[in-house]
Amino acid sequence: MEDNKAKTGTSETGGTPERKNFVHEIVEEDLKSKRYDSVHTRFPPEPNGYLHIGHAKSICLNFGIAKDYKGLANLRFDDTNPTKEDVEYVDSIKTDIRWLGFDWDDREFYASDYFEKLYEYAAVLIRKGKAYVDNLNADQIREYRGTLTEPGKESPYRSRSVEENLDLFERMKKGEFPDGSKTLRAKIDMSSPNINLRDPVMYRILHATHHRTGDKWCIYPMYDWAHGQSDSIEGITHSICTLEFEDHRPLYNWFVEQLGIHHPRQIEFARLNLTYTVMSKRRLLQLVQEKHVDGWDDPRMPTLSGLRRRGYTPESIRLFADRIGVSKADSVIDVSVLEDCLRLDLNKRAMRAMAVLRPLKLVIDNYPDDKVEELAAVNNPENETMGTRTVPFSKVLYIEQDDFRENPPKKFFRLSPGSEVRLRYAYIIKCAGVEKDEKTGEVTEVHCTYDPDTRSGLPASQRKVKGTIHWVSASRAIDVEARLYDRLFTVEDPSGENWKSFINPNSLEVVKNCKAEPGLANVKPQDRFQFERLGYYCVDNDFKPGEPVFNRAVTLRDTWAKIEKR
RNA sequence: UGGGGCGUAGCCAAGUGGUAAGGCAGCGGCCUUUGGAGCCGCCAUUCGCAGGUUCGAGUCCUGCCGCCCCAGCCA
């Protein structure tokens with residue numbers, strides 16, 4: 001794993017956040033008014049899936065706020081539903097957060113750490129007459145709840161005595177009752193306009209094995225009961241969550257007030273949506289299970305593991321989180337914002353290399369047959385300290401098929417019969433003719449002459465030439481595979497029930513036998529390069545020795561493609 | 001037709017009574033041994049709509065309209 005510690009959360013420079021949002025303002029007010037004297041946040045994932053870019057927004061916010069205000073951020077797994085959770089997910093979540101550049105030190109917690117405490121708290125509420133054991137089944141509870149416009153009605157079991165409730169609750173814990181036969185409910189207000197306050201279920205009976213507590217428990221706290229108290233127990237000051245929990249807040253407040261324990265402030269923000277993808281864990285799971293993608297880390301997935309494999313850097317994702325801001329308005333971010341963040345980062349850092357995706361043979365007729373020159377190429381024109389390397393040049397080269405047109409359209413600056421072009425870091429060449437396949441008429445070979453005086457660095461190389469193209473020596477090139485990714489969906493907003501009909505059937509194009517400069521023979525997974533004039537590519541973690549696989553993370557901006565489209 | 005939120009450019013988003021930041025996208029141009037990168041310019045007489053208060057309103061008040069969330073023993 002690379003060293004990529006985030007210097008600060010929301011800003012990369014340290015000190016107060018570069019860019020403030022309404023959450024920062026609330027935190028600052030709370031500090032100023034002494035409501036809290038320090039800041040303590042937490043990132044609370046449920047280990048039932050892999051983290052995605054939307055979680056990254058939350059991670060950057062929570063860990064960022066902690067850093068910006070010299071506080072702490074915890075990692076807490078909200079593991080209250082053993083039927084959906086798994087250690088595979090907790091491991092991946094930890095890996096992804098660290099990769100993103102954040103650290104929770106020894107503050108790795110689990111809601112399940114608090115099961116005992118939560119049980120005691122529940123008993124406190126029962127003793128206060130604020131909670132009761134209900135015998136209604138799930139369907140009945142639904143019926144009794146009422147609707148959005150009609151109040152609910154009270155359960156016939158609502159007025160049991162404290163003693164009976166205590167006894168029943170203990171026996172629920174002991175496993176005397178089957179799943180679904182009883183619940184513990186808060187006694188609040190069945191006619192509240194806020195449905196969350198209509199005697200919410202606190203515990204359900206679930207004879208299931210938990211990934212951490214095993215078979216110790218057969219009653220499990222509901223999220224609404226566990227979450228606020230977990231925050232309280234950890235001394236969380238600012239409990240940052242997404243908008244849909246806004247009307248749960250009165251319930252969370254009610255619990256901590258009834259219990260008389262530390263009261264965090266909950267702040268809600270809008271979750272991230274991105275164009276051309278889906279973000280719900282349920283749908284991502286479906287893509288994986290139904291094999292629409294290769295797994296959670298498929299480079300087309302918006303998961304952090306997918307983005308990582310695709311070639312995204314932690315820095316680019318943090319920059320993205322910073323750029324999109326935090327607000328309460330529902331929004332959909334154009335995926336081009338994300339892509340731009342990656343280009344910006346990699347442009348400054350990635351090694352350049354020459355690779356030809358779809359090779360076309362080019363013969364330099366007046367170049368000596370067996371001569372090979374090692375020509376100097378700049379590793380990164382944006383960063384001199386990255387130095388230079390050497391690239392072999394010879395009589396027979398490969399160039400990109402797209403870089404030659406027998407009948408060039410207007411403004412085509414590349415190679416065509418009679419035209420002149422610069423071979424990057426090499427010579428200026430002129431096209432003398434082509435060879436074609438007799439049957440198909442397809443151009444199979446391009447013939448050129450070169451001007452020996454125009455080798456890069458020589459005075460005559462200063463000559464202005466319309467275009468510069470990349471190339472690779474045919475005899476010295478290595479074969480590589482390129483995986484070209486496109487958006488996973490064909491429409492900006494693939495929501496709705498028929499979302500799967502928008503899956504892009506062409507989201508992956510595998511191109512084998514690409515030709516690359518020999519220096520690329522010894523790459524390691526996760527190495528990132530800019531293939532000049534093409535895009536940023538990242539070495540996949542799965543390839544046979546000798547033929548590296550490169551994932552295209554993002555293309556370079558292609559103004560020619562735009563011109564040609566018109 | 002209950003409750004909770006949200007409406008500033010194509011997409012995000014600043015703005016906290018003093019005359020609409022910034023980014024992405026788009027469009028022009030400069031520059032260029034990556035049609036890359038970079039640079040310059042253009043892109044909201046107006047902030048969902050309508051009234052009102054004020055010398056002055058995106059900001060305050062009133063009314064309306066639109067969108068999102070909530071009726072799991074999911075989180």
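All values derive from a computational prediction rather than experimental measurement.

**Student:** I would appreciate a short explanation of the overall build of chain A in the present structure.
**Tutor:** Per the secondary structure count, chain A includes 13 helices and 25 strands. By principal-axis analysis of the C-alpha atoms, chain A measures approximately 100 × 55 × 45 Å. In chain A, once contacts between residues fewer than 6 apart in sequence are set aside, the share between residues at least 24 apart is 71%. Carbon and sulfur atoms make up 47% of the accessible area of chain A, which amounts to about 25700 Å² in all. Here chain A contributes 86 positively and 92 negatively charged side chains, and the mean placements of these two sets differ by 3 Å.

**Student:** I would appreciate a short explanation of a positive patch on the surface in the present structure.
**Tutor:** A contiguous patch of positive charge, built from K411, K562, K565 and R566, is present on the exposed surface. Classification of K565 as exposed rests on a relative accessible area of 74%.

**Student:** Just checking my understanding: could you explain the packing of aromatic side chains for this structure?
**Tutor:** Pairs of aromatic rings are described using the distance from one ring centre to the other and the angle between the two planes. Scanning the entire structure with this criterion turns up 24 aromatic pairs. Between W254 and F255, the ring centres sit 5.6 Å apart and the planes meet at 70°, which makes this aromatic pair edge-to-face. The pair formed by W254 and F255 is uniform in burial state, with each residue classed as buried. Grouping aromatic residues by their ring pairs yields a cluster made of F115, Y119, F169, Y203, W217 and Y220. Its end group placed over the ring of Y144, K153 keeps NZ or CZ at 4.8 Å from the ring centre. Positioned above the aromatic ring of F177, the side-chain terminus of K182 is 4.2 Å from the ring centre.

**Student:** What exactly am I supposed to notice about empty space enclosed by the protein here?
**Tutor:** If a probe the size of a water molecule is rolled over the atoms, the empty space left behind becomes visible. Enumeration over the complete set of coordinates arrives at one cavity of 30 Å³ or more. If you go around the largest cavity, the residues you meet are G228, D231, S239, R249, Y252, N253, V256, H263, P264, R265 and Q266. Sorting the residues of the lining of the largest cavity by element identifies helix 7 (223-233), helix 8 (249-259) and strand 9 (265-269) as the ones contributing at least two each. Looking at the lining of the largest cavity, the element that brings in the most residues is helix 8, giving four residues. Its residues assigned to classes, the lining of the largest cavity shows three nonpolar, five polar and three charged.

**Student:** Would you explain the pattern of salt bridges in this entry?
**Tutor:** As enumerated under the stated definition, the model contains 49 salt bridges in all. One salt bridge in this structure joins R308 and D96, with 2.9 Å as the shortest N-O distance. Within this pair, whereas R308 is found in helix 10 (residues 304-310), its partner D96 is found in helix 3 (residues 87-100), the two being separated by 212 residues in sequence. Judged by its relative accessible area of 1%, D96 falls in the buried class. Between E509 and R358 there is a salt bridge whose closest N-O contact spans 2.7 Å. Of this pair, E509 sits in strand 22 (residues 508-516) while R358 sits in the loop between strand 11 (355-356) and strand 12 (359-364), and the two are 151 residues apart along the sequence. Residue class for E509 comes out partly exposed when judged on its relative accessible area of 39%. Its relative accessible area of 30% is what places R358 among the partly exposed residues. A single network of salt bridges, built from pairs that share partners, joins D297, R309, E481, R483, K512 and D540.

Rules used in this analysis
- Residues numbered from 1 in each chain as written.
- Chains lettered and ligands numbered in written order.
- Predicted model: local features only at pLDDT ≥ 70, side-chain atom pairs only at ≥ 80, totals over all residues.
- Heavy atoms only, no water.
- Helix = DSSP H or I, 4+ residues; strand = E, 2+ residues; numbered from the N terminus.
- Contact = heavy atoms within 4.5 Å.
- Areas by Shrake-Rupley, 256 points an atom, 1.4 Å probe, with all protein chains shown as cover.
- Lys, Arg positive; Asp, Glu negative; His and termini not counted.
- Charge placed at Lys NZ, Arg CZ, Asp CG, Glu CD.
- Patch = residues over 30% accessible without salt bridge, like charges linked within 9 Å, V, L, I, M, F, W, Y side chains within 5 Å.
- Salt bridge = Lys/Arg side-chain N within 4 Å of Asp/Glu carboxyl O.
- Buried < 20%, exposed > 50% of the residue type's maximum accessible area, 1.4 Å probe, protein only.
- Phe/Tyr/Trp six-rings, centres within 6.5 Å; stacked < 30°, edge-to-face > 60°.
- Lys NZ or Arg CZ within 6 Å of the ring centre and 35° of its normal.
- 1 Å grid on protein atoms, 1.4 Å probe; cavity = no way out; pocket = protein on both sides within 12 Å on 5 of 7 lines; lining within 4 Å.
- Points joined across faces, edges and corners; volume = space filled by probe spheres on them.
- Nonpolar A, V, L, I, M, F, W, Y, C, P; charged D, E, K, R; others polar.

Nothing here speaks to function; it is geometry throughout.
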